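Each chain is listed here by its residues.
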Amino acid sequence: MINQSFSVGDKVVYPNHGVGVIEQISSRTIGANVEKFYLLKIKSSSLKVMVPFNNVNNVGLRRVVKNGEIQKILDYLTDGACESNADWKYRFKENSEKMRTGSLLEVAGVLKSLLQLAQSKPLSFREKKMLERARYLLVSELAMAKNWEEPEVEDALNKALAKSKLRFPEASTLEA
């Protein structure tokens with residue numbers, strides 16, 4: 001992975017936490033070393049996170065997706081092939097790893113595979129939580145990337161999934 005550099009005001013994604021904005025760049029003296037940090041504010045929780053420059057690649061901090069990537073995600077939700085393990089333990093482990101990659105396409109894969117699974121049997125509590133998380137990560141990042149309101153993003157995702165005979169989950173049904 002290349003070492004990315006960000007500026008104050010950049011919209012970024014902190015994997016599994018969602019979108020945030022770089023609020024400041026600061027440095028601290030730790031022992032004999034001076035370390036530089038990005039201070040970012042996570043949009044959903046107002047959580048402030050300090051990421052050392054030399055740890056950016058390890059945590060997977062990246063820029064918000066661009067239009068070309070958004071189209072790939074919508075195309076995948078429309079007709080991408082989706083495999084999931086029959087054994088829930090392996091499936092959960094695979095999906096957890098995909099969620100941690102920070103790739104929005106991988107997150108879309110988790111969402112789609114869980115929606116397909118939900119058509120044949122009820123999801124476990126942990127899988128419902130993962131579906132809720134995947135839904136949130138997709139909607140929040142696409143809303144920021146396209147500068148849309150979240151309901152507009154939900155509509156676009158629902159239209160893409162409908163072509164695969166799937167329904168985008170309502171936020172309220174996941175929380176129940």
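Residues numbered from 1 in each chain as written. Predicted model: local features only at pLDDT ≥ 70, side-chain atom pairs only at ≥ 80, totals over all residues. Heavy atoms only, no water.

Can you tell me about unusual backbone geometry, naming the residues and giving the values?
If a residue is not glycine, its phi is most likely negative; likewise, a peptide bond is most likely trans. Despite not being glycine, Ser 46 has its phi angle at roughly 60 degrees, a positive value. Positive phi values are uncommon outside glycine, yet Asn 147 reaches one of about 60 degrees. Note that Asn 147 resides in the loop between helix H5 (125-146) and helix H6 (150-162). You can call Asn 147 exposed: its relative accessible area is 68%. (Helix = DSSP H or I, 4+ residues; strand = E, 2+ residues; numbered from the N terminus. Buried < 20%, exposed > 50% of the residue type's maximum accessible area, 1.4 Å probe, protein only.)

Give a description of the pattern of salt bridges that names residues and reports values.
Enumeration over the complete set of coordinates arrives at nine salt bridges. The salt bridge involving Glu 97 is made with Lys 93; its shortest N-O contact spans 3.0 Å. Of this pair, Glu 97 and Lys 93 both sit in helix H3 (residues 88-101), four residues apart, which is roughly one turn of the helix. Two residues, Glu 132 and Lys 129, come together in a salt bridge whose shortest N-O distance is 3.7 Å. Of this pair, Glu 132 and Lys 129 both sit in helix H5, separated by three residues, roughly a single helical turn. (Salt bridge = Lys/Arg side-chain N within 4 Å of Asp/Glu carboxyl O.)

Hey, could you go over empty space enclosed by the protein for me, with residue numbers and the actual values?
If you walk through the whole model with that rule in mind, you get two cavities of 30 Å³ or more. Taken as a whole, the largest cavity holds about 80 Å³ of empty space. Lining the largest cavity are 13 residues, and of these Val 13, Arg 62, Leu 104, Leu 137 and Glu 141 lie nearest its centre. Put simply, the parts of the chain that give the lining of the largest cavity at least two residues each are strand S2 (18-30), helix H4 (104-120) and H5. Among the elements that line the lining of the largest cavity, the one with the most residues is H5, at three residues. Across the lining of the largest cavity, the residue classes tally to seven nonpolar, four polar and two charged. Here the second largest cavity is characterised by a volume of approximately 60 Å³. In this structure, the second largest cavity is lined by Ile 70, Leu 74, Leu 142, Lys 146, Trp 148, Val 153, Ala 156 and Leu 157. Of all the secondary structure elements, the ones that give two or more residues to the lining of the second largest cavity are helix H2 (67-79), H5 and H6. (1 Å grid on protein atoms, 1.4 Å probe; cavity = no way out; pocket = protein on both sides within 12 Å on 5 of 7 lines; lining within 4 Å. Points joined across faces, edges and corners; volume = space filled by probe spheres on them. Nonpolar A, V, L, I, M, F, W, Y, C, P; charged D, E, K, R; others polar.)

So what about the pairing of strand S4 (residues 48-52)? Which residues, and what values?
Pairing of strand S3 (residues 33-42) with S4 involves five bridges; the strand directions are antiparallel. Residue pairing for S4: Lys 41 is matched across the bridge by Lys 48. Where S3 folds back on S4, the antiparallel hairpin that results is connected by five residues, among which Ser 46 adopts a positive phi of roughly 60 degrees. (Pairing = 2+ DSSP bridges.)

Any details on the sheet that holds S3? Residues and values, ideally.
Read across the open sheet, the five strands follow the order S4-S3-S2-S1-S5; overall the sheet is antiparallel. Among the strands making up the open sheet, the edge pair consists of S4 and strand S5 (62-63). In the sheet, strand S1 (residues 11-14) pairs with S5 via two bridges, with the strands oriented antiparallel. In the strand pairing of S5, Val 12 is matched with Arg 63. H5 rests against S1, S2 and S5 of the sheet, and its axis sits at about 85 degrees to S2. (Contact = heavy atoms within 4.5 Å. Axes fitted to C-alpha atoms, helices over the stretch in contact; angles between N-to-C directions.)

Please provide a residue-by-residue account of the nonpolar core, values included.
One finds Leu 77, Leu 111, Leu 138, Leu 142 and Leu 157 to be the most contacted residues of the largest nonpolar core, which totals 32 residues. At the level of secondary structure, the elements contributing two or more residues to this core comprise H2, H3, H4, H5 and H6. With sequence-adjacent residues up to four places away left out, Leu 138 is seen in contact with Ile 73, Leu 104, Val 107, Ala 108, Leu 111 and Leu 157. With 11 residues, the next largest nonpolar core counts Ile 22, Tyr 38, Leu 40 and Val 49 among its residues. (Core = buried A, V, L, I, M, F, W, Y, C linked by side-chain atoms within 4.5 Å.)

Please provide a residue-by-residue account of the packing of aromatic side chains, values included.
Considering all chains together, one arrives at two aromatic pairs under this definition. Geometrically, the ring pair formed by Tyr 38 and Phe 53 is stacked, given 4.3 Å between the ring centres and 15 degrees between the ring planes. Residue Tyr 38 is located in strand S3, and its partner Phe 53 is located in the loop between S4 and helix H1 (56-59); the two are separated by 15 residues in the primary sequence. Residue Tyr 38 is classed as buried on the basis of its relative accessible area of 2%. Ring pairs connect the aromatic residues Phe 6, Tyr 38 and Phe 53, which therefore count as one cluster. (Phe/Tyr/Trp six-rings, centres within 6.5 Å; stacked < 30°, edge-to-face > 60°.)

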